[in-house]
Amino acid sequence: MATALEKPTVTVESAPAPPPRKGFRAYWHLYAAISPFYLLFICFGLVPVGFSLYLSFHRWDGLGPMEWAGLSQYQYLLGDGDFWSSIGNTIVIWALATFPMIFLAMATAVLLNSAVRFKNAYRFAYFLPNVTSVVAIAIIFGSVFSTNFGLVNALLQAVGLDQVAWLNTPWGIKVAVATLMTWQWTGYNAIIFLAGLQTIPGELYEAARMDGAGPVQTFFRITLPMMRPVLLFVLVISTVTGLQSFSEPQVLLQNTSNDSTFSGGPGHAGRTMVLYFFQQTFDNNDFGYGAAVAWGIFLVVVLFSIINWRLVQRRGED
């Protein structure tokens, strides 16, 4: 009689037990190492932002007791002609400064990328305006755009044109402030564009040359599409910084009007949104309304940043 085959036994090894969870006490030294950043952020970032939002619903002169105002500050802000005028001034100055700056920065980056000798010297020279004091730059540009002794008017007279009162006319003020901002930020953005250009593979350009593409076609078919993320970054950063311009018009125009150092020159032509915020807060001692203006500025900056981002993204999809 044949013996039945015995079923082999299978030994199942038990899975290793998960390591015990360690609580906060096991990593307290790591949390303590990174805590200074968060403590400083809470004290000097989160708390002031929260307090400014709270303050925007009150009337306060900075010394006396606060008075609850509700949404009246924002209702007045929506109908404040001076605030809307400051928005218009800011947008015009931003447009006059940003688009020429991006064009010049891109052209400078392309030239720097093709340069063979003295690359580091060129990069330092173009980046130098960004690390120079804004106050010093504004003082120099105040002399350059001076009506009687300015360099710009001297050049206009040399070619037979009349003088322009740059710092006393609405469009002259805007052009002067925009020129200052363009000169200050062109080199900085050129360095960013240069970093983006150096990430484009050289094989793409070699293939384009083999296909008979010229420099212009290569730029618009290869360079510009590959640089779209960098261009989006530069455009958003330029929007945020340009719409919050303060030091440039304040220092450049502080001696052109007897009204206030934050008035933005004759006719308030150079009064940007941030200058208007300082005027309401520190000249009028209306801290509650100044906080409402600050939040209005925040919404305008966010809105324009989203618009710019959407425009660049849509062109990329097309």
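Residues numbered from 1 in each chain as written. Predicted model: local features only at pLDDT ≥ 70, side-chain atom pairs only at ≥ 80, totals over all residues. Heavy atoms only, no water.

**What about the overall build of the protein?**
Next up, step 1: A count of helices and strands for the protein gives 13 helices and two strands.
Next up, step 2: Across the 318 residues in the protein, those meeting the buried criterion constitute 35%.
Next up, step 3: Long-range contacts, defined here as pairs at least 24 residues apart, represent 63% of the contacts in the protein between residues at least 6 apart.
Next up, step 4: When the accessible surface of the protein is totalled, it reaches about 19900 Å², and 66% of it is carbon and sulfur. (Helix = DSSP H or I, 4+ residues; strand = E, 2+ residues; numbered from the N terminus. Buried < 20%, exposed > 50% of the residue type's maximum accessible area, 1.4 Å probe, protein only. Contact = heavy atoms within 4.5 Å. Areas by Shrake-Rupley, 256 points an atom, 1.4 Å probe, with all protein chains shown as cover.)

**A few points about a nonpolar patch on the surface**
Next up, step 1: Together, Tyr27, Leu30, Tyr31, Ile34, Phe37, Tyr38, Phe41, Ile42, Leu46 and Val47 line one region of the surface with nonpolar side chains, adding up to about 1000 Å² of accessible area.
Next up, step 2: Take Val47: it is sitting in helix H1 (residues 28-55). (Patch = residues over 30% accessible without salt bridge, like charges linked within 9 Å, V, L, I, M, F, W, Y side chains within 5 Å. Salt bridge = Lys/Arg side-chain N within 4 Å of Asp/Glu carboxyl O.)

**Structural notes on the pattern of salt bridges**
Should the charged atoms of two oppositely charged side chains come close, the side chains can pair.
Next up, step 1: Counted by the stated rule, this structure contains one salt bridge.
Next up, step 2: As a salt-bridge pair, Asp82 and Arg271 come within 3.6 Å of each other at their nearest N and O atoms. Of this pair, Asp82 sits in helix H3 (residues 81-114) while Arg271 sits in the loop between helix H11 (247-253) and helix H12 (273-283); the two residues are 189 residues apart in sequence, bridging distant segments of the chain.
Next up, step 3: By relative accessible area, Asp82 is classed as partly exposed at 40%.
Next up, step 4: For Arg271, a relative accessible area of 4% puts it in the buried group.

**Structural notes on the side chain of Gln250**
Next up, step 1: Mapped onto the elements of the fold, Gln250 is located in helix H11.
Next up, step 2: Residues in contact with Gln250, not counting those within four places in the same chain, are Thr261, Phe262 and Leu275.

**Details of helix H5 (residues 134-144)**
Next up, step 1: Listed in full, the buried residues belonging to H5 are Ile137, Ala138, Phe141 and Gly142. One face of H5 carries all of its buried residues, which in axial projection span an arc of 140°. Facing away from the buried surface of H5 by more than 90 degrees, the exposed residues are Ile139 and Ile140.
Next up, step 2: Where H5 is buried, its residues contact helix H4 (119-131), helix H7 (170-197) and H11. (Arc of directions from axis to C-beta.)

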